[in-house]
Amino acid sequence: MPPAVSVCLPSGAPLPLKIETLKNRADFLRAARAKRAGSPAFLLQARDRQDKVATVRLGFTCSKKVGNAVARNRAKRRLREVARLVLPQMAHPGFDYVLIGRATETAARDFALLQQDLSKALAKVHA
RNA sequence: GCGGAUGGCUGGAGGGUCGCUGCAUCACGGCCCUGUUUCGGCAGGCUGGGAUGUGGAGGAAAGUCCGGACUCCAUGAAACGACGGUGCCGGGUAACGCCCGGCGGGGGCAACCCCAGGGAAAGCGCCACAGAAAACAGACUGCCUUUGCCCGCGUGGCAGGGGUGAGGGUGAAACGGUGCGGUAAGAGCGCACCGCGGGGCUGGCAACAGACCCGGCAUGGCAAGCCCCACCGGGAGCAACGCCAAAUAGGGACCUCGCGUGGGCAACCACAGGGCUGUUUCGGCCCGAGACGGUCCGGGUUGGCGGCUAGAGAGCCUCGGGCAACCGGGGUUUGAGAUGAAUGAUCCUUGAAGGGUGGCGACACCCCGAACAGAAUCCGGCUUACAGGCCAUCCGCGCAU
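Here is what the cut-offs are and how they apply
- Think of each chain on its own: its residues are numbered from 1, step by step along the sequence as written.
- Following the order in which they are written, the chains are lettered starting with A and the ligands numbered starting with 1.
- Confidence filtering applies because this is a predicted model: local features only for residues at pLDDT of at least 70, side-chain atom pairs given and counted only at 80 or more, and all residues used for totals across whole chains, interfaces and linings.
- Excluded from the side-chain calculations are hydrogens and water; all other atoms, namely the structure's heavy atoms, are used.
- We treat two strands as partners when DSSP finds at least two bridges between them.
- Think of it this way: any DSSP run of H or I at least four residues long counts as a helix, any run of E at least two long counts as a strand, and we number them from the N terminus.
- Lines are fitted to the C-alpha atoms to define the axes, a helix being fitted only along its stretch in contact, and any angle between axes, read from their N-to-C directions, falls within 0 to 180 degrees.
- Helix span, expected: 1.5 Å multiplied by one less than the number of residues in the helix.
- Bend is computed residue by residue as the angle between axes fitted to the seven residues ending at the residue and the seven residues starting at it.
- Partly exposed residues are those whose accessible area sits between 20% and 50% of the maximum for their type, while under 20% is buried and over 50% is exposed, using a 1.4 Å probe and protein chains only.
- We call two residues in contact when some of their heavy atoms are within 4.5 Å.
- In the sections that follow, a salt bridge refers to a side-chain nitrogen of Lys or Arg positioned within 4 Å of a carboxyl oxygen of Asp or Glu.
- Definition of nearness: a residue and a molecule or strand are near each other if at least one heavy atom of the residue lies within 4 Å of the molecule or strand.
- Any pair of N or O atoms that falls within 3.5 Å is considered a polar contact. Within protein, one atom must be able to donate a hydrogen and the other to accept it, and sequence-neighbouring residues count only if both atoms are side-chain atoms.
- Note on residue classes: Ala, Val, Leu, Ile, Met, Phe, Trp, Tyr, Cys and Pro are nonpolar, Asp, Glu, Lys and Arg are charged, and everything else, Gly too, is polar.

Could you clarify how one ought to interpret the sheet that holds strand β2 (residues 35-38) in this entry?
Strands belonging to one sheet form pairs held by backbone hydrogen bonds; the direction of such a pair is parallel or antiparallel. Spatially, five strands are ordered β1-β4-β5-β3-β2 in an open sheet, and the strand pairing comes out mixed. Strands at the two margins of the open sheet, each flanked by one partner only, are β1 (19-21) and β2. Strand-to-strand, the axes of this sheet are offset by a mean angle of 25°, without reference to chain direction. One ladder, built from five bridges, connects strand β4 (residues 56-61) with strand β5 (residues 95-101); its direction is parallel. Following the sheet pairing, threonine 61 is matched in β5 by isoleucine 100.

Even after reading the chapter, I still don't get helix α2 (residues 69-90), so can you show me in this structure?
The periodicity of an α-helix, 3.6 residues per turn, causes residues three or four places apart in sequence to face the same way. An ideal rise of 1.5 Å per residue puts 32 Å on 22 residues; α2 measures up with 30 Å between its terminal C-alpha atoms. Arginine 84 marks where α2 bends most, by close to 35°; the proline proline 88 follows one to four residues later. Those residues of α2 lying buried are Ala75, Arg78, Leu79, Val82, Ala83, Val86 and Leu87. Summarising the contacts, the buried residues of α2 are in contact with β1, β3 (42-48), β4, β5, α3 (105-108) and α4 (111-126).

Help me understand the pattern of salt bridges, please; the structure alone is not making it clear to me.
Pairing between side chains of opposite charge can happen when the charged atoms of each approach one another. Inspection of every chain in the model, using the stated rule, returns four salt bridges. The partner of glutamate 81 in a salt bridge is arginine 84, and the shortest N-O contact between them spans 2.7 Å. Residue glutamate 81 and its partner arginine 84 are both found in helix α2; the two are separated by three residues, about one turn of the helix. Of the charged contacts, one joins aspartate 117 and arginine 109 as a salt bridge, the two residues approaching to 2.5 Å between their closest N and O atoms. For the pair aspartate 117 and arginine 109, a shared accessibility class is recorded, and that class is buried. Because the salt bridges share partners, they merge into one network encompassing Arg47, Arg57 and Asp96.

Looking at this structure, how should I read the protein's contact with RNA strand B?
Taken together, 19 residues lie around RNA strand B, and Leu22, Lys23, Phe60, Arg74 and Arg78 are the ones closest in. Near the protein, within 4 Å, the atoms of RNA strand B are sugar or phosphate in 67% of cases. Separating a sugar or linking oxygen of RNA strand B from a side-chain N or O atom of arginine 84 is a distance of 2.9 Å. Contributions of two or more residues to the surface near RNA strand B are made by α1 (25-32), β4 and α2. Sorting elements by how many residues they give to the surface near RNA strand B places α2 first, with nine residues. Among the residues forming the surface near RNA strand B, the class breakdown is seven nonpolar, four polar and eight charged.

Below you can see the structure in the form of structure tokens.
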């Protein structure tokens, strides 16, 4: 583990939210049991970790249902991009988010609509 | 021009904005450690985000089917055996089940393509259906001839003797095929050609081919059935393996086998005994009071760094050897290393083929917007998937000259 992220935080004033990648299977499973919000092109899962650490963590899931390796990679990249654009303004500190890709819609849906979808889903999950 | 055959190349293009990741350089911050100090710092290491520059998916990255490199484990010798693989000959290669060149067989007018292509006189097994008969030789039917009897006297019927071997619808396969002679009818019985077997000869490194001589002919097929022969082969894989840090654990229950002898106060030693090394023999190692036996239960299996991308490298040009695969030399250019896994997201322009509408047509307008597919230690192959486009060589047909 990199030494204690929380130690160097106090100095920061506004400080943009740190976004890390979710890596452990256990974290994915915990997120799956928390709140969720559907959307035509993806499914959003969100969980408040309640561990006093502000870092936002983000994960992606594209199962074999999405398609072959090329289709799965493309779906993940689009989800990653839309999250990169939307999340910094919308995310709540201390949350884990997981975006799950769908078969054809994730790759096909208009990108502007995709951003709107994510905003709506985040709002629903935070409510 | 039309139809083919073979080999090879390519795998949308241009731009704007915003990102990801490796490396290099540059300053900046953090402060822990080390060194030093004139106590301000400085140097090294660690670490955090940033700027600039530069590199960043494929011909199959795929299937994971072969062959290697590399790493760890195992590895005493001989003989024997088991298992798996390969299978015409020669060459290439680090190696191969791959590639090249030949040979043999089959297909095609041809270019060319296809072949799991050792052994069936070592043995066992199998040969469906059909057929008189399916494996070793005859039976059945037939053909010829002859004797007797019968009648409605005929190219008749019945019974018997003798001769004969391929005429018998079949079938994947029938004591070799075709023709002529021969005969009562026939038959390699004789002859010619083809096939087959044997022999030496010639050519070839060889597989094999050729002509010649001899033999009237002896060995049905299946070895992607067992098998025999020759050759090859230790096992597991980068989640290999090494290092650092942290944490946890250094277990428990039951069963099986064993707990022997001698010396010594004891530690221990020696010998029995047990286990491992495919088997055996010799040898070696371990245990020796427990087991490097089995079953079940419980706990753990995290993070980082190295391995990690420079090599049997690749592309192009060129010289030499070789029919070729390929080998040797020179020059030049080039070089993904991610790890919830980067190599992109989005917008604009252009846009192949395809589809639709109109038109005799050239064409115009509209729709759709590139196939298969994403490195995971690295190479050499094979196999499979693939929208289109392009090039070279060759073959057949047609037309013109």
